[in-house]
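Chain by chain, the residues:
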Amino acid sequence: MSTNIKITRTTKSRLPEVDFNYLPFGKVFTDHMFIADYIGGQWVNPRIEPFGPVYMHPASMVLHYSQTIFEGMKAGRNYDGQPMLFRLDKHVERINASARRMCMPEIPGDLFKDAIRTQVALEADWIPTMEDSSLYIRPFMYATDEFIGVRPSETYRFVIFTCPTGPYYDKPVRLLAETSYIRAAQGGTGEAKTGGNYAASLLPATLAVKQGFDQVMWLEGPEFKNVQESGTMNIFFVIDGKLITPGTDGTILRGITRDSIIQLMRAKGYTVEERTVTIDEIVAAHKAGKLQECFGAGTAAVVSHVSEISYQGELMTLPGMETREIGNLIKSEINGLRNGIVKDEFGWIEAVEVGNLQLA
Ligand SMILES: Cc1ncc(COP(=O)(O)O)c(C=O)c1O
């Protein structure tokens, strides 16, 4: 590893207190976190410290102007227990694309990758062993200048923490195609993984839940015709045997699961179309009995089946879960790749070396 990361271990691990049979998503945190600071135009002082609160000045720029970006990824174990990472390079690419859009400094690939590898190696005992469980990894960066006034911050902090998570309970979801609020517009920040996008989604998502739906299907405004995403996942449809997903047009997050599905299914000989998908096309396909599947795709669930879609007061009920051949195939292939059961023809999987960490 080329990055010299200073490691200070906790004196009292919380691991013995954790109930690995009850791991609510995002609520259990491992013993350590990685931190690096951006000062004077460079990343300095990469270190791993005991997990805990971070100091925050009330004028810290992130609190006011939201210069903040993040990633979400998972480390699993392969069949012989070794930690495995999935498509680390894609996460480097995406966090730096988000950084450029939000006028933040890029994170050198080696710093990002060495930080993830070291954090995961140090927390390897926290990776759950049960099937479909993993260590969720949350890298993020935020503006730290203590200043009031709108301009890019000159200092930033890059942090990574990790959370053990149990099997994702993937009940089929009911979607409300949203025709008043938008998630992202051309020229906006939809392609960046930045906090503001999620903040803006909360009201429409809450209103959808009040109406009995699980998530919003985002349509591009102001026409509200082109389908963008589903909740915080990319969206796929199976129409007449073809797998179809909206093209990344600047408003859609470039999901790493999405990209993996496209490559994987094309390699298996399936037709995968990346193109504009309108809600009218979905309604027509449903009416003609050709809408076979719809699912959200993202790191946490891999595939989240959609059971119903509501658009302008009309409810479309999709075929039953027992018929979801393509979605289920994708889910088992990607999970299989991650735990080493499916052979990795793509070079997506990296095993993490545990045991040669330099301690401070
Ligand atoms: C808005 C949004 N779309 C799509 C995704 C899926 O991306 P990925 O497959 O990289 O997890 C995510 C999750 O990160 C997301 O937040």
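Residues numbered from 1 in each chain as written. Predicted model: local features only at pLDDT ≥ 70, side-chain atom pairs only at ≥ 80, totals over all residues. Heavy atoms only, no water.

## Some words on the pattern of salt bridges
Then step 1. Summed over all chains, the structure comprises 25 salt bridges.
Then step 2. Residue Asp 37 pairs with Arg 47 through a salt bridge whose shortest N-O separation is 3.1 Å. Taken together, the positions of Asp 37 in strand 2 (residues 32–39) and Arg 47 in strand 3 (residues 42–50) put the pair 10 residues apart, joining distant regions of the chain.
Then step 3. A salt bridge links Arg 87 to Asp 259, with the shortest nitrogen-to-oxygen separation between them at 2.8 Å. (Salt bridge = Lys/Arg side-chain N within 4 Å of Asp/Glu carboxyl O. Helix = DSSP H or I, 4+ residues; strand = E, 2+ residues; numbered from the N terminus.)

## Here we look at the domain arrangement of the chain
Then step 1. The domains assigned to the chain are domain 1 (6–167) and domain 2 (173–323).
Then step 2. Placing the centre of domain 1 and that of domain 2 at their C-alpha centroids yields a distance of 28 Å.
Then step 3. At the junction of the two partners, domain 1 supplies 16 residues and domain 2 supplies 18 residues.
Then step 4. Summed over both partners, the interface of domain 1 with domain 2 buries about 1,400 Å², with 59% contributed by carbon and sulfur atoms.
Then step 5. At the boundary of domain 1 with domain 2, the tally comes to one salt bridge.
Then step 6. Counting every contact that joins domain 1 to domain 2 gives 10 residue pairs in polar contact (both at pLDDT 80 or more). (Domains from an automatic or database assignment. Contact = heavy atoms within 4.5 Å. Buried area = accessible area lost by both parts, 1.4 Å probe. Polar contact = N/O pair within 3.5 Å; in protein donor to acceptor, adjacent residues only side chain to side chain.)

## Overview of the site of the ligand
Then step 1. Around the ligand there are 15 residues in total, and Lys 193, Tyr 198, Glu 229, Thr 257 and Thr 299 lie nearest to it.
Then step 2. Lys 193 has a polar side-chain atom sitting 2.7 Å from an oxygen atom of the ligand.
Then step 3. The contact in question runs from an oxygen atom of the ligand to an N or O atom on the side chain of Tyr 198, over 2.5 Å.
Then step 4. Protein contacts shield 95% of the accessible area of the ligand, which totals 390 Å² for the unbound molecule.
Then step 5. Breaking the shell around the ligand down by element, the ones donating at least two residues are strand 12 (233–239), helix 5 (256–267) and strand 15 (291–298).
Then step 6. Of the residues belonging to the shell around the ligand, the class tally is five nonpolar, six polar and four charged. (Near = heavy atom within 4 Å. Areas by Shrake-Rupley, 256 points an atom, 1.4 Å probe, with all protein chains shown as cover. Nonpolar A, V, L, I, M, F, W, Y, C, P; charged D, E, K, R; others polar.)

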